[in-house]
Amino acid sequence: MGTADVEAVWRIESARIVAALTRFTGDFGLAEDAAQEAVAEALVSWPLASPANPAGWLMATARRRAIDAIRRRRVLQGRYALLAADPAVDSAVDEEIDPDRIDDDMLALMFVSCHPVLSPEARVALTLRVVGGLSSEEIARAFLVPVPTVQARITRGKKTIAAAEVPFELPSAGERRERLGGVLSVIYVIFTEGSTATSGDRLLRPDVAYEAIRLARTLAALQPDEPEVHGLLALCELTAARFPARTGEDGSPVLLQDQDRRRWDFSAIRRGLAALAKASTRGLGPYGLQAAIAATHASAPSVEATDWDRIVVLYEALGRVAPSPVVVLNRAVAVAMASGPEQALAIVDELIASERLPGSHLVPTVRGELLARLGRRPEARAELELAARLCANQHECSVLLRKAAMLG
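Counting starts from 1 at the beginning of each chain's written sequence and moves along it residue by residue. Predicted model: local features are reported for residues with pLDDT of at least 70 only, side-chain atom pairs are reported and counted for 80 or more only, and whole-chain, interface and lining totals are derived from all residues. To obtain the side-chain values, all non-hydrogen atoms of the structure were included, while hydrogens and water were left out.

Under an unreviewed UniProt entry, the chain has the name RNA polymerase sigma factor and belongs to Plantactinospora solaniradicis. As stated in UniProt under Sequence similarities (unreviewed entry), the record for the chain gives "Belongs to the sigma-70 factor family. ECF subfamily." UniProt positions are given in the numbering used here, feature names are shortened, and annotations may be inferred rather than shown by experiment.

Trainee: Give me the lowdown on the environment of Ala294, citing residues and values where you can.
Mentor: In this description a helix means any DSSP run of H or I spanning at least four residues, a strand means any run of E spanning at least two, and both kinds are numbered starting from the N terminus. As for its position among the elements, Ala294 is in helix α15 (residues 286–298). Separated by 242 residues in sequence, Ala294 and Ala52 place their C-alpha atoms 44 Å apart. Throughout, a contact is declared for two residues whenever any of their heavy atoms are within 4.5 Å. Setting aside chain neighbours within four positions, we find Ala294 in contact with Leu235, Leu238 and Arg242.

Trainee: Go over helix α12 (residues 227–240) with me, naming the residues and quoting the values.
Mentor: The length a helix should cover is 1.5 Å for every residue beyond the first. Given a rise of 1.5 Å per residue, 14 residues ought to cover 20 Å, and the 20 Å separating the end C-alpha atoms of α12 matches this to within 8%. Burial here depends on accessible area, computed with a 1.4 Å probe over protein chains only, as a share of the maximum for the residue type. Under 20% is buried, over 50% is exposed, and the range in between is partly exposed. Counting buried positions along α12 yields 14 of 14 residues, so the element is predominantly enclosed.

Trainee: Tell me what's going on with the UniProt feature "domain: RNA polymerase sigma factor 70 region 4 type" (unreviewed entry) in the chain, and back it up with residues and numbers.
Mentor: Here the UniProt feature "domain: RNA polymerase sigma factor 70 region 4 type" (unreviewed entry) sits at residues 111–160. What you have in residues 111–160 is 74% helix and 0% strand, and the ends, taken at the C-alpha atoms, are 14 Å apart.

Trainee: Explain the packing of aromatic side chains residue by residue, including any values.
Mentor: In summary, the pairing rule links any two rings of Phe, Tyr or Trp, Trp by its six-membered ring, whose centres are within 6.5 Å, and it sorts them by plane angle into stacked for under 30 degrees, edge-to-face for over 60 and tilted for everything else. Enumeration according to the criterion identifies 4 aromatic pairs in this entry. One aromatic cluster is present, built from ring pairs that chain together Phe191, Tyr210 and Phe243.

Trainee: Tell me about the state of the cysteines, and please be specific about residues and values.
Mentor: Disulfides are covalent bonds that link the sulfur atoms of two cysteine residues. When two cysteine sulfur atoms lie within 2.5 Å, the pair is treated as a disulfide. This structure, assessed with the given rule, holds 0 disulfides. Free cysteine: Cys236, not disulfide-bonded; nearest cysteine sulfur from Cys114 at 14 Å. Of the residues examined, Cys236 reaches a relative accessible area of 0% and is grouped as buried. There is no disulfide at Cys397, and the cysteine sulfur nearest it, in Cys391, is 5.8 Å away.

Trainee: I'd love a proper account of the packing of helix α1 (residues 3–25) against helix α6 (residues 104–113), names of residues and values included.
Mentor: Close contact between α1 and α6 brings their axes to 9 Å; oriented N to C, the two are set at 90 degrees. On the basis of their axis angle, the class for α1 and α6 is roughly perpendicular. The residues of α6 that touch α1, namely those facing Ala15, Arg16, Val18, Ala19, Ala20 and Arg23, are Asp105, Met106 and Leu109. Residues are grouped as follows: Ala, Val, Leu, Ile, Met, Phe, Trp, Tyr, Cys and Pro are nonpolar; Asp, Glu, Lys and Arg are charged; every other residue, Gly included, is polar. Of the residues assigned to the contact of α1 with α6, the class counts are 6 nonpolar, no polar and 3 charged. Lines fitted to C-alpha atoms define the axes here, with helix axes fitted over just the stretch in contact, and angles between the N-to-C directions of these axes take values from 0 to 180 degrees. Every angle not falling under 35 degrees, over 145, or within 65 to 115 is termed oblique; those three ranges are roughly parallel, roughly antiparallel and roughly perpendicular.

Trainee: Lay out the pattern of salt bridges in plain terms, naming residues and giving numbers.
Mentor: Working definition: two side chains of opposite charge can pair if their charged atoms are close together. A carboxyl oxygen of Asp or Glu within 4 Å of a side-chain nitrogen of Lys or Arg is what we treat as a salt bridge. Within this structure, the stated rule accounts for 21 salt bridges. Here Arg65 ties to Glu41 by a salt bridge, and the two come within 2.3 Å at their closest N and O atoms. Pair noted here: Arg65 is in helix α3 (residues 54–73) and Glu41 is in helix α2 (residues 28–45), with a separation of 24 residues, a long-range link. Arg65 sits in the partly exposed class, given a relative accessible area of 21%. A salt bridge links Glu379 to Arg376; its shortest N-O distance comes to 2.9 Å.

Trainee: Describe in detail the nonpolar core, supporting the description with residues and values.
Mentor: Nonpolar cores were defined as sets of buried Ala, Val, Leu, Ile, Met, Phe, Trp, Tyr and Cys residues, with membership established by side-chain atoms within 4.5 Å. The biggest cluster of nonpolar side chains holds 123 residues, and the ones touching the most others in it are Leu109, Ile187, Ile190, Phe191 and Leu219. Setting aside residues no more than four positions away along its own chain, Leu109 makes contact with Ala15, Val18, Ala19, Phe28, Val130, Val131 and Phe168.

Trainee: Residue-level account of the side chain of Thr296, with values.
Mentor: Mapped onto the secondary structure, Thr296 falls in helix α15. A relative accessible area of 6% means that Thr296 is categorised as buried. Definition of a polar contact: a pair of N or O atoms within 3.5 Å, with one able to donate and the other able to accept a hydrogen when the atoms are protein atoms, and with sequence-neighbouring residues admitted only if both atoms are side-chain atoms. Engagement of the side chain of Thr296 in a polar contact is seen with the backbone oxygen of Ala292, the distance being 2.9 Å. Each residue touching Thr296, except ones within four places of it in the same chain, is listed here: Thr306, Asp307, Arg310, Ile311 and Leu314.

Trainee: With reference to specific residues and values, describe the environment of Pro206.
Mentor: Among the structural elements, Pro206 can be located in helix α11 (residues 206–222). Distance from Pro206 to Glu342, taken between C-alpha atoms, is 36 Å for residues 136 residues apart in sequence. In contact with Pro206, not counting residues within four places along its chain, are Gly194 and Phe243.

Trainee: So what's going on with the side chain of Ser136? Residues and values would help.
Mentor: In this structure, Ser136 sits in helix α8 (residues 136–143). At a separation of 2.9 Å, a polar atom in the side chain of Ser136 contacts the side chain of Arg129.

Trainee: Give me α8: which residues, what numbers.
Mentor: Those residues of α8 lying buried are Ser136, Ile139, Ala140 and Ala142. Each buried residue of α8 sits inside an arc of 160 degrees when the element is viewed along its axis, so together they form one side. In the core, the buried residues of α8 are packed alongside α7 (120–131), α9 (147–163), α10 (173–195) and α11. Think of it as the arc spanned by the lines of direction from the helix axis to the C-beta atoms.

Trainee: Explain the packing of α10 against α11 residue by residue, including any values.
Mentor: For the pair α10 and α11, interaxial distance at closest approach is 6 Å and the crossing angle is 155 degrees. One way to sum up the angle between α10 and α11 is to call them roughly antiparallel. Of the two elements, α10 crosses α11, and the hand of that crossing is left-handed. Note on element contacts: α11 touches α10 through Pro206, Val208, Ala209, Ala212, Ile213, Leu215, Ala216 and Leu219, opposite Leu180, Val183, Leu184, Ile187, Ile190, Phe191, Gly194 and Ser195. Here the contact of α10 with α11 is built from residues that sort into 14 nonpolar, 2 polar and no charged. Crossings are classed by handedness, with left-handed meaning an anticlockwise turn of the near helix from the far one by less than a right angle and right-handed meaning a clockwise turn.

As structure tokens, this is what we get:
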């Protein structure tokens, strides 16, 4: 077995191993460290002798590392005795590596990683590390931050959880529902960064986006009766379905009206529509409404044939349940397509007057497009040039400058 094989097994099994060890040691940080030590040992030993049961090998090795750490600390002696001597525990641990089993430990792990005592950045880093199985290097690459920054976030996160004495247990149904929004927002942040990178030289980071989809699928399996979980999964699937057509061979963005819809991933569209149907059972929440908008795009043969009136109505509904300036801006784009640019420009100008999106490149981007459609070319060019100055993504910036230049 080579490095790639070890990484593949780790990516699949790491969350289950960390969850099982956390339940038995009662120490989230210790469990994660022990699991990391186990995979480091696997990288050395597996190329020499491949284990018959790789998941079981990782679990057993991580368990030994946890016991060694407890012995060194000379604390938690009751836990040590339980782990080291109780045969019932051994059989329970063996059950944890059943590849077909998804249980409450996994769900508890997600809620601990996204606990409200943590900063948003720490929640994302911990979730990707302990639930997603990504290395610090992979997380740093995904979010374009230094590796030491990621490592510091993870370390501080584990210390914060320990200091707050966050129990490793599944929250009560009521508390789980209250905290579910936080878990969903972490997955959404991860997906959003993958689908449109905030900075750097790549528009898409598919590996990051697909990791978010994997997390959303796991959560949907663990929380099948929560409509918004399925709504988020639907949104991610339907958005990712367009990835193959969103960039050219050189990585430059391809706008929606120019995309070859034959290249869209129709399997992802089917999965997204199925998830949206589950989300619709008790009325659509914010993620479900966004998924419904994405579904309207996915079902249209072209931009011109898109049901823009329906999209306007959906954005109006989204603005009522989850008001934000970005929703207002997106509604303006839909209004422009449904009713013309003049009405949409009034919405954007009102948004600017309220100063609700200062410093965002999105506002001058939309305003520039609307002014261009109204024939106000000098104003449009100035807006698009402003948008380019504010945009941190190199590919998006180049598109904006190209559009500005065409307005002469």
